[in-house]
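A structural walkthrough
One letter stands for each residue in the lines below.
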Amino acid sequence: MQGTVATFDEDTRTGTVLLDDGAQLQFPAAAFDASGLRHLRLGQRVRIDRDPEGVVVKVTLPTLP
């Protein structure tokens, strides 16, 4: 699933993504850390990977594996 970065706190490495259906989804620091990224900017498109329970486990750029 994809969305747009709505908020990102560099200190806590947490944030929220506005999904294409208009829902807002929070992601934890562990999901950002799993991406290998160093920064996200507001308005940036991202891909969200979730586990079977729906917990966000990774936030990456759509062009990255």
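Residues numbered from 1 in each chain as written. Predicted model: local features only at pLDDT ≥ 70, side-chain atom pairs only at ≥ 80, totals over all residues. Heavy atoms only, no water.

Considering the environment of T4
By the element assignment, T4 lies in strand β1 (residues 2–9). Classification of T4 by relative accessible area gives partly exposed; the value is 25%. C-alpha of T4 to C-alpha of L42: the two residues are 38 residues apart in sequence and 7.6 Å apart in space. Dropping the residues within four chain positions of it, T4 is found in contact with T16, V17, L18, G43, Q44 and R45. (Helix = DSSP H or I, 4+ residues; strand = E, 2+ residues; numbered from the N terminus. Buried < 20%, exposed > 50% of the residue type's maximum accessible area, 1.4 Å probe, protein only. Contact = heavy atoms within 4.5 Å.)

Describing unusual backbone geometry
Positive phi is not limited to glycine here, since R13 has a value of about 60°. Tracing the backbone shows R13 in the loop between β1 and β2 (14–19).

Some words on the pairing of strand β5 (residues 56–60)
Sheet analysis places strand β4 (residues 45–50) next to β5, joined by 4 bridges and oriented antiparallel. Considered in β5, the bridge of D49 is made with K58. Counted along the chain from β4 to the antiparallel partner β5, the turn is 5 residues long, and its residue G54 has a positive phi close to 95°. (Pairing = 2+ DSSP bridges.)

A few points about the pattern of salt bridges
Inspection of the entire model under this criterion finds 3 salt bridges. Residue R13 is joined to D33 by a salt bridge in which the shortest nitrogen-to-oxygen separation is 2.7 Å. Of this pair, R13 sits in the loop between β1 and β2 while D33 sits in helix α1 (residues 29–33), placing them 20 residues apart in sequence. Exposure remark for R13: the relative accessible area of 31% places this residue in the partly exposed category. Taking the relative accessible area as the measure of exposure, D33 reaches 42% and is therefore partly exposed. Ionic pairing is found between D49 and R47, a salt bridge with its closest N-O pair at 3.6 Å. (Salt bridge = Lys/Arg side-chain N within 4 Å of Asp/Glu carboxyl O.)

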